[in-house]
Amino acid sequence: MAGAALRRLMAEYKQLVTNPPEGIVAGPVSEDNFFEWEALITGPEGTCFEGGIFPAKLVFPVDYPLSPPKMQFTCDMFHPNVYPDGRVCISILHAPGDDPMGYETSAERWSPVQSVEKILLSVVSILAEPNDESGANVDAAKMWRENQEEFKKISEKIVRKSLGL
Amino acid sequence: MPLRIPYRLPVPTLTTYSILSTALFGSLIYNVKQITKNPDWKNDLIAADKNASDPLMDENEDHLIDFDNVNLPESIRDVIIYMIQDSFSRWVFINAIICTVVLFGKSIQKIVFGDLRAVEINNFREKLCNYFLYKCIFMFGVIKVQTTEEVIFLLGWFGLLGFQQVFVQFSKDRLEYMVTVGSHTTFMSRCKIVILLLSVFSLANYMIYLCLTYGVNLGYHIFAFMIAECLSITLKVPHILIKYVIDPFEAKFIRNQNQHFRSRNSFANFIISKMEMSLTYYVSLGLELADLCLELIHYLHMVLWSNSIFSVASFVLCMHIRYITTEIQRKIKKHRNYMWILNHMEKEYPKASEKELNDNCDNCAICWEKMEVARKLPCKHLFHTTCLQLWLEQDTSCPTCRYVLNMNGSNSRRSTTTRTTRGVIRIGRNAAPINRQHFFHFDGSRYVSWLPSFSVQVMSSMTPPDLTDSQLESMAQQVQQVFPHYPSPVLIENLRQTRSVSVTSNNILEGLLPLDNVTLNDDGEDSQVSATASENIRPSGSAFNHSSINESEHDPASSTTNFNIIESEFSPSPSERETALRNRKEQLFLNAKKKYLERRLVN
């Protein structure tokens with residue numbers, strides 16, 4: 001079981017190295033433990049998060065890819081779909097069984113055909129276009145809906161901080 | 001019932017404990033030496049004992065005689081005799097023994113396991129606390145020990161068992177970790193653990209032998225209590241060995257063998273591997289269940305024997321029994337589910353034929369490995385048997401297209417899915433699920449805190465009718481308006497699968513619809529068309545290589561602003577990979593910083 005997870009993660013890592021998606025770098029934090037990765041995600045162009053580099057931690061379960069990994073930003077992040085502690089709340093990261101927000105159909109949830117690359121691309125897409133229906137961070141969701149100017153200011157700060165400027 | 005313990009227990013660390021014990025023992029020896037220098041110490045001691053009316057008084061006489069026969073220097077003998085007789089020094093002596101034993105255990109752990117990981121320490125603490133609690137309950141609540149001797153004997157016995165349990169737990173955790181992390185474990189460390197497990201196993205067997213020879217004299221109940229724990233260890237060790245040592249090796253072996261003899265007799269090999277797989281499965285399941293049943297009987301025996309149904313001890317024991325029964329039920333349910341799925345797969349999802357496998361020319365979507373043998377779902381997607389089975393244990397839909405598999409009857413129905421949530425990339429590429437689901441969600445707490453939240457889901461599943469040719473043609477025309485260089489037969493073929501204009505368009509945009517054979521067959525007229533089409537189509541994939549070159553000639557500035565994606569090689573050495581990854585991360589940061597600053601300057 002675990003061996004299968006390891007082989008699959010290795011294959012995904014290989015794919016991410018040889019054929020990397022734009023603006024995304026991901027790999028195991030240490031080669032000793034393939035079940036914990038760090039990913040760097042570039043904020044998509046033309047959005048409030050443009051240009052920022054956001055590090056996130058991915059923790060894989062032993063039965064990956066049958067169960068989804070957990071993803072958590074390790075930098076400051078103010079976004080409707082990211083909990084204040086950095087955990088990312090998107091439906092494809094939810095296991096088929098559980099439904100924390102109470103309204104997803106199983107079709108939107110995790111399936112073994114998903115991959116690290118697809119998860120990271122989904123996260124890029126929610127950075128570009130937050131989903132304020134499932135508010136993981138209620139303050140951020142409210143601000144995104146009602147006060148885009150303020151939201152932009154905060155995200156600008158986050159981008160600058162993520163670049164160490 | 002596993003006991004949850006707080007993270008920080010007020011237990012002294014091992015170093016302080018051992019230092020204290022050594023200091024105590026040392027000072028005691030010194031003290032006793034001082035006392036025994038006085039020639040009258042024996043009389044004093046006996047007088048003191050009489051005053052205290054020690055119940056062990058009679059036996060003390062025996063000890064005195066015993067030690068007279070032992071060949072030891074006079075002073076040391078005196079010290080030992082004194083220490084055995086004085087009750088305080090006896091306890092200090094026992095403490096010293098415990099300390100030595102603990103240190104011995106610690107050194108074994110250091111040698112075999114090295115440093116422990118946080119999880120292992122946590123498990124160890126939990127296990128130890130539980131063990132301690134239940135043994136205390138057993139000693140004082142169930143068999144109600146009376147004399148110090150009994151306590152000491154039981155402490156020794158349980159201590160030995162406790163050590164075995166702890167080592168078994170460590171080995172299990174460590175082997176599990178090794179199997180998960182895989183390549184980075186040396187053969188030596190694995191060997192050490194196996195040797196430790198085997199010695200624990202033989203020790204447990206020896207203890208069973210002791211039970212059989214001496215325990216029977218103590219009465220059948222005591223005998224049953226004693227033997228249960230030893231048996232449990234002798235069941236646990238083979239289980240761990242099978243699960244974490246034999247199984248992975250076997251899997252590797254089978255895979256190698258399959259690669260060797262693939263061409264010759266793949267079917268026979270498959271059968272053999274399957275038999276072996278189910279053999280290890282059944283053996284480990286049997287061992288697990290036997291262990292649980294043994295524990296159940298052991299605890300039931302305790303409750304019945306303790307005679308006091310309404311005590312705290314029996315309450316705790318009953319809770320534990322409840323925990324064990326649910327555990328057994330869970331195991332059996334899981335097994336039945338497993339068997340059921342296995343049967344269902346055997347019946348409903350046929351093995352893919354050679355031709356289908358060749359046509360598919362893709363890896364299993366679950367494990368990303370090549371498929372030699374595969375099963376076909378009704379939606380025509382292929383998966384490895386074991387991969388599919390593991391997935392079906394937790395969900396009943398096709399992993400690729402979310403086709404809902406009807407696990408209750410023989411028929412399957414189309415999945416009813418929605419595409420409501422924004423910001424989620426949908427991956428279902430081949431078949432577009434028909435949306436027949438209406439959804440209403442009312443979040444009352446948003447308005448007034450006491451209002452309830454509820455959601456209404458209306459599901460209506462229906463199999464979409466097959467599209468007629470005329471419909472397909474009109475749809476193909478729609479697509480062709482956007483992508484004129486795609487010939488309509490290709491489009492119709494894809495539309496027949498996707499049933500949707502937008503999904504087919506997406507497929508084209510993502511480069512999933514191969515174009516190269518089309519453009520190669522056509523004349524120069526068509527390649528012109530494809531060049532113009534490149535304005536519409538984002539170049540992606542090899543099919544668009546020629547047009548993307550044209551584009552960069554037209555607009556060289558656009559390519560320079562692109563990210564510098566380093567198309568690096570995937571190195572086979574871990575350290576090289578690590579450095580390459582670090583470099584790529586730094587490169588990404590540098591590029592982003594540069595870009596950010598440039599943009600700030602422009603603004």
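The rules behind these values
- Throughout this description, residue numbers start from 1 for each chain and increase along the sequence as written.
- Chains and ligands are labelled sequentially in the order written, the chains with letters from A and the ligands with numbers from 1.
- Per-residue local features are limited, in this predicted model, to residues with pLDDT of at least 70; the limit for side-chain atom pairs, both in listing and counting, is 80 or more; totals at the level of whole chains, interfaces and linings are taken over all residues.
- Side-chain measures here rest on the full set of heavy atoms in the structure, leaving out hydrogens and waters.
- UniProt positions are given in the numbering used here, feature names are shortened, and annotations may be inferred rather than shown by experiment.
- Per the convention used, a helix needs a DSSP run of H or I reaching at least four residues, while a strand needs a run of E reaching at least two, with both numbered from the N terminus.
- Exposed residues in this analysis have more than 50% of their type's maximum accessible area, buried residues have under 20%, and partly exposed residues fall in between, with area computed by a 1.4 Å probe over protein chains only.
- Here, residues are in contact when the closest pair of their heavy atoms is within 4.5 Å.
- Two joining distances apply to patches: 9 Å for like charges and 5 Å for nonpolar side chains (Val, Leu, Ile, Met, Phe, Trp, Tyr), and every residue must have over 30% relative accessible area and no salt bridge.
- Computed with the Shrake-Rupley method and a 1.4 Å probe, the accessible areas treat only the protein chains shown as cover for residues.
- The term salt bridge refers to a pairing of a side-chain nitrogen on Lys or Arg with a carboxyl oxygen on Asp or Glu at a separation within 4 Å.
- Remark: nonpolar core denotes a set of buried residues (Ala, Val, Leu, Ile, Met, Phe, Trp, Tyr, Cys) joined through side-chain atoms within 4.5 Å.
- Here the rule is simple: two strands pair whenever DSSP picks up at least two bridges between them.
- Geometry is summarised by axes, namely lines fitted to C-alpha atoms with helices restricted to the contacting stretch, and by angles between N-to-C directions that run from 0 to 180 degrees.
- In this scheme Phe, Tyr and Trp rings, the latter by its six-membered ring, pair at centre separations within 6.5 Å, and the angle between planes marks the pair as stacked below 30 degrees, edge-to-face above 60, and tilted otherwise.
- Each ring is checked for a lysine NZ or an arginine CZ that lies within 6 Å of its centre and within 35 degrees of its normal; such an atom marks a charge sitting over the ring.
- The arc refers to the directions leading from the helix axis to the C-beta atoms.
- Definition of a polar contact: a pair of N or O atoms within 3.5 Å, with one able to donate and the other able to accept a hydrogen when the atoms are protein atoms, and with sequence-neighbouring residues admitted only if both atoms are side-chain atoms.

Looking up chain B in an unreviewed UniProt entry gives the name E3 ubiquitin-protein ligase AMFR, with the organism given as Parthenolecanium corni. Entered under Subcellular location (unreviewed entry) in the UniProt record, the comment concerning chain B runs "Membrane". The record held by UniProt for chain B lists under Pathway (unreviewed entry) the comment "Protein modification; protein ubiquitination."

If you look chain A up in an unreviewed UniProt entry, it shows as Ubiquitin-conjugating enzyme E2 G2 from Parthenolecanium corni. One UniProt comment on chain A, placed under Sequence similarities (unreviewed entry), says "Belongs to the ubiquitin-conjugating enzyme family." Of chain A, the UniProt comment under Catalytic activity (unreviewed entry) reads exactly: "S-ubiquitinyl-[E1 ubiquitin-activating enzyme]-L-cysteine + [E2 ubiquitin-conjugating enzyme]-L-cysteine = [E1 ubiquitin-activating enzyme]-L-cysteine + S-ubiquitinyl-[E2 ubiquitin-conjugating enzyme]-L-cysteine."

Points about the overall build of chain A
If you tally the helices and strands in chain A, you get four helices and four strands. When the helices and strands of chain A are placed in sequence order, the string is α-β-β-β-β-α-α-α. In chain A, which comprises 165 residues, the share counted as buried stands at 61%. Considering only contacts in chain A between residues 6 or more positions apart, those separated by 24 or more positions represent 56%.

Some points on a nonpolar patch on the surface
Residue and element names in this part refer to chain B. Together, Leu 160, Leu 203, Tyr 206 and Tyr 209 make up a nonpolar patch on the protein surface, roughly 390 Å² of accessible area in all. With three residues, the top contributor of residues to the nonpolar patch is helix 8 (residues 187–214). Checked against the element boundaries, Tyr 209 lands in helix 8. Taking relative accessible area as the criterion, Tyr 209 reaches 47% and is therefore assigned partly exposed.

A word on the nonpolar core
Core analysis: the largest hydrophobic core is formed by 53 residues, its most contacted members being Trp37(A), Phe54(A), Met71(A), Phe73(A) and Leu120(A). Take this core: its biggest share by element is seven residues, from helix 2 (residues 116–128) of chain A. Contacts of Phe73(A), omitting those with residues within four sequence positions, involve Ile41(A), Phe54(A), Pro55(A), Ala56(A), Val82(A), Asp85(A), Gly86(A), Val88(A) and Val123(A). Listed in part, the 52 residues of the second largest apolar core include Phe170(B), Leu175(B), Ala204(B) and Val316(B).

Some words on the sheet that holds strand 2 (residues 33–42) of chain A
Residue and element names in this part refer to chain A. Overall, antiparallel pairing links the four strands, which are arranged 1-2-3-4 in an open sheet. Edge strands, defined here as strands with exactly one partner in the open sheet, are strand 1 (24–30) and strand 4 (70–73). The mean inter-strand angle of the sheet, taken between neighbouring strand axes irrespective of direction, is 25°. Two strands pair when backbone bridges link them, and strand 2 and strand 3 (residues 53–59) are joined in this way by seven bridges, in the antiparallel orientation.

Let's talk about the UniProt feature "active site" (unreviewed entry) in chain A
Here, UniProt's "active site" (unreviewed entry) annotation points to Cys89(A). By the secondary structure assignment, Cys89(A) is in the loop between strand 4 and helix 2.

Thoughts on the packing of aromatic side chains
All names here are of chain B. All chains considered together, the criterion is met by 21 aromatic pairs over all chains. Relative to Trp 157, the ring of Phe 153 has its centre 6.5 Å away and its plane inclined at 25°; by these criteria the two rings are stacked. Of the two residues, Phe 153 and Trp 157 both sit in helix 7 (residues 148–181), four residues apart, roughly one turn of that helix. A relative accessible area of 45% places Phe 153 in the partly exposed class. Across the ring face of Phe 138, the terminal group of Lys 135 is positioned such that the distance to the ring centre comes to 6.0 Å.

Things to note about the pairing of strand 4 of chain A
Residue and element names in this part refer to chain A. Here strand 4 shows a clear split, with Met 71 and Phe 73 buried on one side and none of Lys 70 and Gln 72 buried on the other. In terms of strand pairing, strand 3 meets strand 4 through four bridges, oriented antiparallel. Paired with Leu 58 across the two strands is Met 71, which belongs to strand 4.

Observations regarding the pairing of strand 2 of chain A
Residues and elements named next belong to chain A. Within strand 2, seven of the 10 residues are buried, which leaves the element mostly enclosed by the surrounding structure. Where strand 1 lies against strand 2, six bridges are found, and the strand directions are antiparallel. Each bridged residue has a counterpart across the sheet, and for Ser 30 the counterpart in strand 2 is Asn 33. The antiparallel pairing of strand 1 with strand 2 creates a hairpin that spans two residues between the two strands.

Considerations on helix 3 (residues 138–146) of chain A
Residues and elements named next belong to chain A. Among the residues making up helix 3, those that are buried are Ala 140, Ala 141, Met 143 and Trp 144. Viewed end-on, helix 3 has its buried residues packed into an arc of 165°, placing them on one side of the element. Among the exposed residues of helix 3, those oriented more than 90 degrees off its buried face are Val 138, Asp 139 and Glu 146. Elements in contact with the buried residues of helix 3: helix 4 (148–162). The N-cap residue of helix 3 is Asn 137: its side-chain oxygen and the backbone nitrogen of Asp 139 are 3.3 Å apart.

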